[in-house]
Every structure is written in structure tokens, then in C-alpha cells.
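Residues per chain are reported as follows:
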Amino acid sequence: MQNVISSRSIIKVRKKKKKGLGQYILALILGLYTLFCLMPILLVIITAFSDDKTIASKGYSYFPDKWSLEGFKYVFKYGRQLFTSYGVTIFITIVGTFFGLFIMSMFAFALSRRDFMFRKFLSMYILIPMLFPAGQLANYLVYTNSYKLKDSLLLLIIPLSVSTMNIIILRTYIQTSIPDELMDSARIDGAGEYRTFFQIVAPLMKPVLASVGFMMATAYWNDWQNALLYIDTASKNPLQLLLIRIQKNIEFLLNNKNISGAALAAIQQGIPEYSATMATVLTVIGPIMIAYPFFQKYFIKGLTIGSVKG
Amino acid sequence: MKGFLHNTWKHRAHFIMCIPVLLVLLFFSYIPMAGMSMAFKRFDFSKGIWGSPFVGLDNFQFLLASGKTFTRMTVNTLKYYAIFLILGTSLNIAVAIAIDQFVFKRLGKTFQSIMIIPVFISYAAVQFIVYAFLGNNGMVNNVLQFMGLEPIRWYINAKYWTTILTVVKMWNGVGYGSVLFMSVLAGIDQEMYEAARIDGANKRQQIFHITLPSLIPMTTIVILLSVGGIMRSDTGLFYQVTRNSGILYSTTQVIDSYILNALMTTSAYGFSAAAALYQSVVGLVLILIANYVVRKIEPDNALF
């Protein structure tokens, strides 16, 4: 026994020192791949701060001849619309995330009660939409034609608020990380089910709510498809739809003047400029980039919980 | 039955807590499922979905008669599904193992954090980034010219787009996908490696005999989950990144982008509804089969 322990500790010591050539090659490969992931994002940032005329004449570059803040000044010419869109996106992200977390965690709580016979039905009920989704066309027709919800922000909020996977993550967390004894003792002390949930269980769910919440928030923030299908009024355009509109404008310009040197010059003077577009892209993706490091820990944990079958 | 009712009454608080989700799914998932009956109807806007006249299988006949479009979008959908599944899963596993084996843990964590970032960028934004690389004065053409080669007009050459979309998808999803496998690797008992080392196994043998086999259950689940979506695609990738350009359809049009395009441009929904139903039914049948097969072989790895 003594022998085993000592040989193990020797191995551990040796392992710590072992940084052979292979590790440096691995570092190089991983580094290159990381660079591949980073380069496009860097290009967005650099282009946003580049001088527009240089891009028009020499093309996109990581080392622009001239830096400029013109792009951002231009962004403010989209001005009002950009601020409105920011407002819409922030609104649907916050309302949707909290609404979804609220109703899904209550559902997950009920689903985690093992002696609740109805739960078999509930499990099936959430599984079926995942296996047999109606698809965007049927959704579109029912939402707009039967419910008459076209151009309503409700369609940007409710359909994304419930997802089978997230309910399973929440349920698994309650089952594995919150001891039943805790809930039982709360009941013995006379707390009803609602009180048990809101005062005992919900506070303990913070880590999983953070991870699911972050995933939901990014889904809301990045949702372009529902916006494209359902939203018409400019005052209800979220950021992603604004991006699509800008792209449509560029396309319009390009298609009108058959791509040529002359057209490039025209676009240069025209509305959407390279650096301004990238500056807009940056303002759209920026907030998530900033939030990500704070949520990373929870985010990775959430993904991991989801993979546990329960 | 009496026991069941009694049990439900006892748990009435739990039942009430379920109601919001039950209602959301009823109105936003289940009723639209009934709306799929559009596939058998001729849509009449004034009469609505439920009042539109039945036309039997006419829509499906149109779908099959469209021949080229139908085949093209089915083939493309399956092609990209296969590429993304095989290449994506392999890269996920490769990256996960690489980071797991990496001795410089802090650096590895940083690398991993950066690799995940692209998944948070919506395709509405990604299309601008792709354009910055592939546009006429984009990065790639700059490099080509620098090397003395002819610039390529990417956006009018369909043949390049299978590769382009694959690269974009891998850039977008591999870092994120590897997290799942990382969590499995972190759970492997380190003593197994030590025992193997004492028995004289080298790194490669350890990976093939310990690491890879322990990833099988997770890989099965990932594949199983993806089978149901075999007819579905990352719509943004095919609709936004290609700028929905008709010239590129031959290699880029998938069923989902076709339906979205139909929704945005026409009001002849019957045809697309047939395509949508075809898509959902194939997906459902495949996931049921796949799950059945897995349950026969390894019951623990089945989904349900």
C-alpha cells in the first residue's frame, strides 16, 4: 500500500514536469485554431475603426493605412432607428428571458416531484413539440392568420420562451442538486407548495437560472428569423432586423449599378459605408461579447447539466 | 383511475404551476401542428387556415412535379447534414481531446473561451463578416492578388459554396460543440490513465483505448438528437450568409431556406406546406427508427 501511494506521487511529480515537444506542437495547433476563430471578429473591430475611403480603394485590411471614427459617427446617422432597435431588442431579451425562466422553472419543479403521477403526461407533452415541430410555415400561418398577431412584439417573445431542452436542464438540476429533505422540512414547517418553490427552491436554482438565462438571452438577442417574418413597423424593428435592412440597402445599390469601378465609387458616396456597416455590426454583437465572460462559468455548467439524462 | 385523480388533486399546486407552459405550448406549438394540415389545402387568405378548401394530395403532386427544385433542396439538405455531422462531431471531439491533453491549463481555458465566441454572433451579422472576406475587395481576394493570383468572384460561383458554408459553420459551432465532450473527458477517472501508463501504454494508445471509448455514449446522444433534424438546417447559414442569392441555389438551397424564401416572396403556401410536412414527417420517422435501433443495441444510450 505504501508503495502504491509513493509510486503514484512520483508519477504526479513527473507529470507536472512533462512539457515535451508534443505539448508545444499542440499549443501551436490550438493557437492557430483559436486565431482562426478570432480573426473574423478582429476584422469587424478593425474595419469599424478604419477609414472608409481606404477600404473602398484598397479593400478590407487588418492593417489599415488610416484609422478613423467616421464609421461610428455614421452609425449615429442611423441614429434614432438604432436607438429604437436597441430598445426593442433589450426589451424582448429581458422580458422574454425572465418570463421564460419563470414559467419553465415552475414547470420543471412540478416535473421533479416523483410522486406526481401526472408528470408522465407532462414529459410527453414537452417532448412531442421537439420531435415533431410544426415548422416555420405552419407557425407563420397560424400566428398571423388565426391569431392576427402580425407585427406584434408578442411573437418575438412567446415562441422562444419555452424550450424542451431548457426544461430538462432545469428539472435535472432540481433533482440532482436540491435535496428533497430540504423541501420536506419546509413542508413540515407548514410552507405550502408555492412558498416552498419561491422561497426555498428558486433561490437555490440561481446557478442553473444564470446558465439557462444566458442561453435564452443570446437566443432572443440574436433572433432575426421571427423579426424578419413578423415585424413590419420600423419602430418595432429589433437590431438583427436592422442589420438585415442595411444589407438589403447595400444589395439595392449594387443591383442598380452593376458592380464595376464606377459603382464602387458611387457606393463610396452612397448610404451604407464599409466602416459604418461594421460599426453597426459591432454595436449589435458587442453587448453579448461583453456579457459572455461574466456568464461563461455558468454557461459551460449549464451545457454540462443538459447532457445528463434523468 | 381514482388513485390518479386523488394524486392529481393532492398535487393541484404543482398542476397550477404547469399551466403557463401548457398554454404556451398549446397555442404556439400544438395548434400550429394542426396548421400543418395546410399541406392538404389550397390556402385562401379570406377563409383562413381552417376554412380553406381541401385539395387532397394536389400540393404533393406539385412538389414531386417540380422535380428539379424538390430534388435539389432535398439533396442539399442531406449533403450539408452529413458534412456538418461527420466533420463537426469529429472536430468537436478533436478539439475537446486536444484541450484536455494540453498541459498549459490556463492557456487552454483561454483558447476555449475564444473558440466559443463565434456561436454568439447571429447569422444576420455573420453575413457581413463573410462579405468582408469574400466580397470583391474582401480579404481573400486581397491575399490572392498579393500572391499574384486572379481574384475570384465568390458570390456568383456556386461551386465554392459547399466549402464556404462548411468553413463558416465549423468556425461558428466547433468551439461550442466541444464543450459537451470536454465535460465527459473531465469525468474520466484519472487513475485509468495512470494504470495504463504503468502498464506501458503510450499517449496514442491511451487516447484510442480510454479517451475515445468513453466518449461513445455522448456521441450517440449527439447523433441521435441530430437525426430528428436531418431535414432541418441552420436557416440563417443558408438564407443570410448566401444573401439568399439565386445564382448560388444549386449548391446552397435547403428545404428551410426554400420555405422561408417562399414565405417572404409568395402567397402560394400550399406547395411549401407540403414541403414542410414532408420535412417534419421524415424527421420524426428517422428519430423514432434511430432511437429504436440504439435502444436495441445499448438501452442506456437511447433518448426515450
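Conventions used here
Residues numbered from 1 in each chain as written. Chains lettered and ligands numbered in written order. Predicted model: local features only at pLDDT ≥ 70, side-chain atom pairs only at ≥ 80, totals over all residues. Heavy atoms only, no water. Helix = DSSP H or I, 4+ residues; strand = E, 2+ residues; numbered from the N terminus. Contact = heavy atoms within 4.5 Å. Phe/Tyr/Trp six-rings, centres within 6.5 Å; stacked < 30°, edge-to-face > 60°. Buried < 20%, exposed > 50% of the residue type's maximum accessible area, 1.4 Å probe, protein only. Lys NZ or Arg CZ within 6 Å of the ring centre and 35° of its normal. pLDDT = per-residue confidence, 0-100. Expected span 1.5 Å × (residues − 1). Bend = angle between axes of the 7 residues up to and from the residue. Domains from an automatic or database assignment. Buried area = accessible area lost by both parts, 1.4 Å probe. Axes fitted to C-alpha atoms, helices over the stretch in contact; angles between N-to-C directions. Parallel < 35°, antiparallel > 145°, perpendicular 65-115°, else oblique. Left-handed = near helix turned anticlockwise from the far one by under 90°. Nonpolar A, V, L, I, M, F, W, Y, C, P; charged D, E, K, R; others polar. Salt bridge = Lys/Arg side-chain N within 4 Å of Asp/Glu carboxyl O.

Asks: Any chance you could break down the environment of A:V75 for me, citing the residues and the numbers?
Replies: All names here are of chain A. As for its position among the elements, V75 is in helix 4 (residues 70-111). Taking C-alpha positions, V75 is 9.3 Å from S275, a pair spaced 200 residues apart along the chain. Among all residues touching V75, those that are not within four sequence positions of it are L82, A276, A279 and T280.

Asks: Give a description of the packing of aromatic side chains that names residues and reports values.
Replies: Any aromatic ring pair is given by two values, namely how distant the centres are and how the planes are angled relative to each other. Tallying each qualifying case throughout the model produces 36 aromatic pairs over all chains. Considering the side-chain rings of A:F214 and A:F295, the 5.1 Å spacing of their centres and the 10° angle between planes classify their relative orientation as stacked. Of this pair, A:F214 sits in helix 11 (residues 206-222) while A:F295 sits in helix 15 (residues 274-306), placing them 81 residues apart in sequence. Given a relative accessible area of 5%, A:F214 falls into the buried group. Pairwise contacts between aromatic rings join A:Y140, A:Y143, A:Y147, A:Y230, B:F27, B:F28, B:F43 and B:Y269 into one cluster. If you follow A:K297 out to its NZ or CZ, it ends over the ring of A:Y298, 5.1 Å from the centre. For B:K41, the ring lying beneath its charged end belongs to B:F54, and the centroid distance is 5.0 Å.

Asks: Which residues make up unusual backbone geometry, and what are the values?
Replies: All names here are of chain B. Within the chain, R243 stands out as a residue other than glycine whose phi angle is a positive 55°. You can see R243 is positioned in the loop between helix 13 (235-239) and helix 14 (249-252). By relative accessible area, which is 8% here, R243 ends up buried. Within the chain, N244 stands out as a residue other than glycine whose phi angle is a positive 50°. Inspection of the secondary structure assignment puts N244 in the loop between helix 13 and helix 14.

Asks: Could you give an account of the confidence of the model for chain A, with specific residues and numbers?
Replies: The predicted model of chain A has a mean per-residue pLDDT of 83, with 85% of residues at 70 or higher. Put simply, helix 1 (residues 2-17) of chain A is where chain A has its lowest mean pLDDT, 47, and helix 7 (residues 154-157) of chain A is where it has its highest, 96.

Asks: Could you give me a rundown of helix 9 (residues 161-186) of chain B, with the residues and numbers involved?
Replies: Counted at 1.5 Å a residue, the expected span for helix 9 of chain B with its 26 residues is 38 Å, and the 37 Å between its end C-alpha atoms agrees. The largest bend in helix 9 of chain B comes to about 45°, at B:G173.

Asks: Could you give an account of the domain arrangement of chain B, naming the residues involved and the relevant values?
Replies: Residue and element names in this part refer to chain B. Split into domains, chain B comes out as domain 1 (1-56) and domain 2 (60-301). Relative to domain 2, the C-alpha centre of domain 1 lies at a distance of 32 Å. The interface is formed by 6 residues belonging to domain 1 together with 9 residues belonging to domain 2. Regarding the contact of domain 1 and domain 2, the summed buried area is about 540 Å², with carbon and sulfur atoms giving 82% of it. For the domain 1 face of the interface with domain 2, the top three residues by lost area are M36, A39 and F43, together amounting to 70%.

Asks: Describe helix 6 (residues 135-146) of chain A, naming the residues involved and giving the relevant values.
Replies: When the terminal C-alpha atoms of helix 6 of chain A are compared, their 16 Å separation across 12 residues agrees well with the 16 Å that a helix rising 1.5 Å per residue should span. Within helix 6 of chain A, 11 of the 12 residues are buried, leaving the element largely enclosed by the surrounding structure. For helix 6 of chain A, every residue scored as buried is listed here: A:G135, A:Q136, A:L137, A:A138, A:N139, A:Y140, A:L141, A:V142, A:Y143, A:T144 and A:N145. As for helix 6 of chain A, its buried residues are in contact with helix 7 and helix 12 (225-230) of chain A together with helix 2 (12-35), helix 3 (48-51), helix 15 (255-265) and helix 16 (269-297) of chain B. Positive backbone phi, approximately 55°, marks A:K148, located one or two places after helix 6 of chain A.

Asks: Which residues make up the side chain of B:N76, and what are the values?
Replies: Residue and element names in this part refer to chain B. Take N76: it is sitting in helix 5 (residues 68-101). On the basis of relative accessible area, N76 is assigned to the buried category, the value being 4%. Apart from residues lying up to four places away in sequence, N76 is in contact with Y249, S250, T251, T252, Q253 and V254.

Asks: Describe the packing of helix 5 of chain B against helix 9 of chain B, naming the residues involved and giving the relevant values.
Replies: Residue and element names in this part refer to chain B. In contact at an axis separation of 6 Å, helix 5 and helix 9 are set at 45° when each is read in the N-to-C sense. In terms of their interaxial angle, helix 5 and helix 9 are classed as oblique. For the crossing formed where helix 5 meets helix 9, the hand is right-handed. When grouped by side-chain class, the residues that make up the contact of helix 5 with helix 9 number 17 nonpolar, 8 polar and 3 charged.

Asks: Which residues make up the pattern of salt bridges, and what values go with them?
Replies: Residue and element names in this part refer to chain A. Summed over the entire model, instances satisfying the criterion amount to 8 salt bridges over all chains. For D184, the salt bridge goes to R187, with nearest N and O atoms at 3.1 Å. Of the two residues, D184 and R187 both sit in helix 9 (residues 180-188), 3 residues apart, roughly one turn of that helix. Overall, the relative accessible area of 24% leaves R187 in the partly exposed class.

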